[in-house]
Amino acid sequence: MHNLILRVVSKVLIPLIILFGLYVQFHGEFGPGGGFQAGVIFSAAIILYALVFGLEPAEKIIPKSILHLLASFGLVLYAGVGFVTIMLGGNYLEYGLLGSDQVSGQLIGILLIELGVGITVASVMLIFFFSFAGRGRP
Amino acid sequence: MIDILINVTLLAFLATTAVAMARMTNLFAIIMLFGIFSLLSAGLFVVMDAADVAFTEAAVGAGISTVLMLATLALTKDHQEKRPLGHRPWLPLGVVTITGAALVYGTMDISSFGDPLAPPQTHVAPYYIEQSMADTGVPNMVTAVLASYRGFDTLGEVAVVFTAGVAVLILLGGRRKKQRLEIEEGGNRDA
């Protein structure tokens, strides 16, 4: 594995991919995209790293135990927003109660659940990749 | 006019890729063609103004699933064996042709693309178009529908993704068979 060009190009590309993933995540209300797409783009950056630099270094960046935690955390965050709105006296996932008025509450709620979607999707995609690619190890 | 030209070109490429995939036996090349197929579909979605769907198709179809299939290929052979057909292909061909003809017949009743008077467009869509900005303050209507109006559905989708991750972990995440056998042998010796 001495592909100099691949290594240099991917080192330049990976930060940009992660930045773009964050942009898609937090700009999903205004442009195309959202949590799902952002999660996939984010995991693509890590997968590119693993393809070029090897599986072990990539697993060092995000250890499996943290991935398992994050995958559940995203779903819990999403479902938790629903329970918070119930505790505030509304219906499940009634975001309007999270802010001072309907629109600001909606923005907070959508931001939080999109974050939950992004975290779960990114970590599940990485779990897929590490599980599949990890089988080939001697 | 230019739309039709792009559509026809993309569809022609799609059909060519599909035929090439069906005829090839080199699995590595087929996986690469799968990626190209997804990228072409993403292009088609962009032409249809479905940027969000195109995004997903390009990232998941052309990106992640190609890598996953390559990872699977690394565990198996990269060549499909050509075996002589054990049966006559006429019956399957007939079934496929009749089903395809029925589907084409079915599309005749589907309203034309982008028809504002089509039933799906006159049900709840006008409400979303008129009210989503006032209700949610989110300019991207797709996000407003996915995250707010259809929040329950999206929660279910995330649960599906999570469940898929758990399933993969159960099936593939554990120790490899050889190691487990050694451990079991060790356990038996202890017992």
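Just above sits the structure.
Description of the structure in this document.

## What about the interface of chain A and chain B?
Contacts between the two partners involve 47 residues from chain A, matched on the other side by 38 residues from chain B. At the boundary of chain A and chain B, one finds twelve residue pairs in polar contact (both at pLDDT 80 or more). Elements supplying a minimum of two residues to the side of chain A that touches chain B: α1 (4-26), α2 (35-53), α4 (64-87) and α5 (102-134) of chain A. In terms of residues, the side of chain A that touches chain B owes the most to one element, α5(A), which gives 18 residues.

## Some words on unusual backbone geometry
With a phi close to 60 degrees, Leu93(A) is a non-glycine residue in the positive phi region. In this fold, Leu93(A) is placed in the loop between α4 and α5. At Asp49(B), a residue that is not glycine, the phi angle is positive and equals roughly 65 degrees. The exposure class of Asp49(B) is exposed, given its relative accessible area of 70%.

## Some thoughts on a nonpolar patch on the surface
On the surface, Leu4(A), Ile5(A), Val8(A), Val9(A), Val12(A), Leu13(A), Leu16(A) and Leu19(A) cluster together to form a nonpolar patch covering roughly 790 Å² of accessible area. For Leu16(A), the position within the fold is in helix α1.

## Concerning the layout of surface pockets
All names here are of chain B. Here the largest pocket defines a volume of roughly 530 Å³. In terms of lining residues, the largest pocket is bounded by 16 residues, among which Asp49, Ala50, Gln121, Ala125 and Val142 are the most central. Those elements that place two or more of their residues in the lining of the largest pocket are α3 (51-73), α6 (125-136) and α7 (141-149). The residue makeup of the lining of the largest pocket, split by class, is 13 nonpolar, one polar and two charged.

Scoring rules and cut-offs
- Residues numbered from 1 in each chain as written.
- Chains lettered and ligands numbered in written order.
- Predicted model: local features only at pLDDT ≥ 70, side-chain atom pairs only at ≥ 80, totals over all residues.
- Heavy atoms only, no water.
- Contact = heavy atoms within 4.5 Å.
- Polar contact = N/O pair within 3.5 Å; in protein donor to acceptor, adjacent residues only side chain to side chain.
- Helix = DSSP H or I, 4+ residues; strand = E, 2+ residues; numbered from the N terminus.
- Buried < 20%, exposed > 50% of the residue type's maximum accessible area, 1.4 Å probe, protein only.
- Patch = residues over 30% accessible without salt bridge, like charges linked within 9 Å, V, L, I, M, F, W, Y side chains within 5 Å.
- Areas by Shrake-Rupley, 256 points an atom, 1.4 Å probe, with all protein chains shown as cover.
- Salt bridge = Lys/Arg side-chain N within 4 Å of Asp/Glu carboxyl O.
- 1 Å grid on protein atoms, 1.4 Å probe; cavity = no way out; pocket = protein on both sides within 12 Å on 5 of 7 lines; lining within 4 Å.
- Points joined across faces, edges and corners; volume = space filled by probe spheres on them.
- Nonpolar A, V, L, I, M, F, W, Y, C, P; charged D, E, K, R; others polar.

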